[in-house]
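Examining the three-dimensional arrangement
Chain by chain, the residues run as shown.
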Amino acid sequence: MAEASVPADQPIAGVLADVDGTLVTKAKALTPRAIEAIEQLHERGVIFAITSGRPPRGMRMLVHPLEMRGPMAAFNGGIIVQPDMTIVDERAIPPHVAPAVIDAISAHGLYPWIYRGAEWYVTDPGAPHAAREAGTVQFPPTVVPSYDGLLDRAVKIVGVSDDHDRVARCEAALQQQFGARTSAARSQPHYVDVTHPTANKGVVVERMSHFYQIPLEQIATLGDQLNDVLMFRRSGLSIAMGNASESVQREATHVTASNEDEGFAKAIEEFILPRAVAAPAVPPAG
């Protein structure tokens, strides 16, 4: 685990959580204990926010049970939406870069699909993991003959393969080839996500700090994948899930139980509620 970056009694006024593998179970469900933990955060005045590689519509089912009150970061920050799905901010992959990203993903033997605005596009109705993804985000993709004409507003391009080593190699190649022109990171062992260079979970922490006027050291983050490490490194307190890889766990201040063993709720109860303080009052986003 990473060394604690703040004193043990450092107040926590904001919490930013990943969704899949962290907030929800393998069945993509919220547990009553997790919901109760978030209710306690609300009662203490702690800001609770979520960030995910999911599209906005894939986060909609969390709004009511969690009483979401502020912006949510979809596509790892590529689109920020209010709980009513109003878009607050959108950051597309540079259009001159997107076609080359598709080519690079394909060259590594991964299947590419894209999100443009809030819509999801595939060229093959039997695309790898598409059926499972449709169940997770709760809407089907649009099947198109090609991505021509759709890459001017692509907010996320995903490379998919069940060969996890191949995905890791593709991630490294994308980072090397495109450098600061994109952000490329694995959101699951079988997915590599490519987004705008300022659409990553580390930037989401910074934007949360600025919007809610909460110092970075008073924000706690929870996650389980490599793309969550960026937010771990920018927050005062970071908590890795027990189902996270050892490399992800090493980057966190603490490690909790797995998402199948109430790890999210346990983390809130053990590490955050004892030091919870109310966040400053800020006006609602326009």
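Everything in this summary refers to the structure shown in the same document. Small disclaimer: the values here were computed from a predicted structure and weren't measured. (Residues numbered from 1 in each chain as written. Predicted model: local features only at pLDDT ≥ 70, side-chain atom pairs only at ≥ 80, totals over all residues. Heavy atoms only, no water.)

1. Focus on the side chain of Asp-228
Note the threshold: Strands are runs of DSSP state E lasting at least 2 residues, helices are runs of H or I lasting at least 4, and numbering of each runs from the N terminus. Here a residue-residue contact requires only that any non-hydrogen atoms of the pair lie within 4.5 Å.
Tracing the backbone through its elements, the reader meets Asp-228 in the loop between β12 (219–223) and α7 (229–232). For Asp-228, the residues in contact, after removing those within four places along its chain, are Asp-18, Lys-201 and Gly-223.

2. Re the pairing of strand β6 (residues 111–116)
Just so we agree on the cut-off: Accessibility here uses a 1.4 Å probe with only protein chains present; expressed as a share of the type maximum, an area under 20% marks a residue as buried, one over 50% as exposed, and anything in between as partly exposed. Strand pairing requires that DSSP identify at least two bridges connecting the strands.
In terms of burial, β6 is largely enclosed, as 5 of its 6 residues are buried. Two elements, β6 and strand β7 (residues 119–122), share 3 bridges in a ladder whose sense is antiparallel. Its bridge partner lying in β7, Ile-114 is registered against Tyr-121. Linking β6 to β7, which pair antiparallel, is a turn of 2 residues; within it Gly-117 sits at a positive phi near 60°.

3. Observations regarding the side chain of His-190
Position of His-190 relative to the elements: it lies in the loop between β10 (183–188) and β11 (191–195). A relative accessible area of 14% places His-190 in the buried class. If we ignore the near neighbours within four places in the chain, the residues touching His-190 are His-129, Gly-159, Val-160, Ser-161, Asp-162, His-164 and Val-167.

4. Examining helix α5 (residues 164–178)
Rules: A helix is expected to span 1.5 Å multiplied by its residue count minus one.
With 15 residues, α5 ought to run about 21 Å at 1.5 Å a step, and its terminal C-alpha atoms sit 21 Å apart, in line with that. On the buried face of α5, the contacting elements are α3 (98–107), β10 and β11. Where α5 terminates, the next one or two residues include Gly-179, which has phi positive at roughly 50°.

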